[in-house]
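An overview of the molecular structure
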Amino acid sequence: MYETLITSLENGIFTVTINRPDKLNALNRQVFTDLNKALDEIYTNKEIKSAIVTGAGAKAFVAGADITEFNGLTLEESKALAKNGQDTFFRIERSPKPIVACVNGFALGGGCELAMSCHFRIASSNAKFGQPEVNLGLIPGYGGTQRLVQLIGKGRAMEALMSGGMIDANTALQYGLVNYVVPQEELLAKTKSILDVINSKAPIAVAKCIESANAVFDETKNGYEVEINSFGDCFGTDDMKEGTNAFLEKRKAIFTGK
Ligand code: COA
């Protein structure tokens, strides 16, 4: 079904592994086509409660957009390439189901941008982040200039963008770019244990957390209003009744997603 991805679904967690290890999982057009198909599956398959994005092999999450596809692009084509990347990563960011980046090595250029579009990130100790596009006479095109500022602050982002330098895993942790740093062999298990907790919560409430938190960074929206409406939407759900009743009856809630 996918040319460049390996996928699996276990306990409601859909794992998407970008599988071009000989090219350090660089994002070519086919990867974007496949990622969009995987997003269709995440959005529509009721068995999927949350997703992980990671890279094949021990060396790289994703080492960037595939530079070999940059040659000979017209100005218009280069803009369309950036737009397609941004649109794909918006779909990740706006997914109503949690999508977490398991950063298992280099997350450079488009790889850093992919990781940043996920709802949060967990890194292995060998992970390295960066936006090295300036080395190519370029800038990030898939949302990197925006999300890096959002996630690590303007001063640190400016330095990283303009120098093209790499940010190691422990510095990424200190900057708040990742939530945890763990040995590589524990990376998937750690991420799955966090998602098991999230997957046990009411899915509509989880989706509304994502929507409301995203609204902070959306100038077209008033985040406080989004929060009020989301709060109200949750009040209309069976899961809210179940959650509050279960608390009062001192039992564990069983959520149905309705
Ligand atoms: N696009 C296309 N191919 C890439 C790539 C990318 N972004 N990143 C790595 N590759 C390919 C290399 O060309 C090489 O292919 P080859 O074996 O056919 O020559 C293979 O992946 C392995 O990479 P290599 O450079 O040999 O590994 P390394 O360990 O010496 O260096 C990096 C690792 C990540 C430092 C280096 O690959 C690199 O700088 N990549 C580009 C990062 C970048 O600029 N990303 C932003 C793109 S906009």
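Residues numbered from 1 in each chain as written. Predicted model: local features only at pLDDT ≥ 70, side-chain atom pairs only at ≥ 80, totals over all residues. Heavy atoms only, no water.

**Quick look at helix α8 (residues 203-215)**
- For α8, which comprises 13 residues, the first-to-last C-alpha distance of 19 Å matches the rise-based estimate of 18 Å (1.5 Å per residue) to within 8%.
- Buried within α8 we find Val 206, Ala 207, Lys 208, Ile 210, Ser 212 and Ala 215.
- Elements that come into contact with the buried residues of α8 comprise α2 (75-93), α7 (187-199) and α9 (223-235). (Helix = DSSP H or I, 4+ residues; strand = E, 2+ residues; numbered from the N terminus. Expected span 1.5 Å × (residues − 1). Buried < 20%, exposed > 50% of the residue type's maximum accessible area, 1.4 Å probe, protein only. Contact = heavy atoms within 4.5 Å.)

**Focus on the sheet that holds strand β4 (residues 60-62)**
- Read from one edge of the open sheet, 4 strands run β4-β6-β8-β9, paired in mixed fashion. The open sheet has two edge strands with one neighbour each: β4 and β9 (166-168). On average, each strand axis in the sheet is tilted by 20 degrees relative to the strand beside it, whichever way the strands run.
- Pairing analysis gives 3 bridges linking strand β6 (residues 106-108) to strand β8 (residues 128-130), with the strands arranged parallel. (Pairing = 2+ DSSP bridges. Axes fitted to C-alpha atoms, helices over the stretch in contact; angles between N-to-C directions.)

**As for the sheet that holds strand β10 (residues 180-182)**
- If you trace the 6 strands from one edge of the open sheet to the other, you get β1-β2-β3-β5-β7-β10, paired in mixed fashion. Each edge of the sheet is formed by a strand with only one pairing partner; in this case those strands are β1 (5-10) and β10. Sheet twist, expressed as the average angle between the axes of neighbouring strands with direction ignored, equals 20 degrees.
- Note that strand β5 (residues 99-103) and strand β7 (residues 120-124) share 4 bridges and pair parallel. Considered in β7, the bridge of Val 100 is made with Phe 120.

**A closer look at the site of the ligand**
- Neighbouring the ligand are 16 residues, the closest being Lys 23, Lys 59, Ala 63, Ala 65 and Ile 67.
- For the ligand, an oxygen atom lies 3.5 Å from a polar atom in the backbone of Asp 22.
- Here Ile 67 contributes a backbone N or O atom positioned 3.0 Å from a nitrogen atom of the ligand.
- When its residues are assigned to classes, the shell around the ligand shows 10 nonpolar, 1 polar and 5 charged. (Near = heavy atom within 4 Å. Polar contact = N/O pair within 3.5 Å; in protein donor to acceptor, adjacent residues only side chain to side chain. Nonpolar A, V, L, I, M, F, W, Y, C, P; charged D, E, K, R; others polar.)

**Observations regarding the pairing of β1**
- For β1 and strand β2 (residues 13-18), the ladder comprises 6 bridges, and the chain directions are antiparallel. Note on β2: the bridge partner recorded for Leu 9 is Phe 14.

**Overview of the side chain of Thr 88**
- Take Thr 88: it is sitting in helix α2.
- With near-sequence residues (within four places) excluded, Thr 88 lies in contact with Phe 32, Leu 35, Asn 36 and Leu 39.

**Concerning the domain arrangement of the protein chain**
- Its domain assignment divides the protein chain into domain 1 (5-198) and domain 2 (201-248).
- The gap between the C-alpha centroids of domain 1 and domain 2 is 26 Å.
- On the domain 2 side, the residues contacting the 10 residues of domain 1 number 6 residues.
- Between domain 1 and domain 2 lies a buried interface of about 630 Å² when both sides are counted; carbon and sulfur atoms form 62% of it.
- Of all residues in domain 1, the largest losses of buried area upon contact with domain 2 belong to Pro 96, Gln 150 and Ile 198, amounting jointly to 53% of the total for that side.
- The tally of links from domain 1 across to domain 2 stands at 0 salt bridges.
- Here the side of domain 1 that touches domain 2 is built from residues that sort into 4 nonpolar, 3 polar and 3 charged. (Domains from an automatic or database assignment. Buried area = accessible area lost by both parts, 1.4 Å probe. Salt bridge = Lys/Arg side-chain N within 4 Å of Asp/Glu carboxyl O.)

**Here we look at the pattern of salt bridges**
- Under the defined criterion, the tally for this structure stands at 10 salt bridges.
- For Glu 93, the salt bridge identified is with Arg 147, shortest N-O distance 2.8 Å. You can see Glu 93 sitting in helix α2 and its partner Arg 147 sitting in helix α4 (residues 144-152), a full 54 residues away along the chain. Arg 147 shares its class with Glu 93; the two are buried.
- Note that Arg 251 and Glu 249 form a salt bridge whose closest N and O atoms lie 2.7 Å from each other.
- We classify Arg 251 as partly exposed; its relative accessible area is 35%.
- Ionic contacts of the salt-bridge type, sharing partners, join the residues Lys 208, Glu 211 and Asp 233 into one network.

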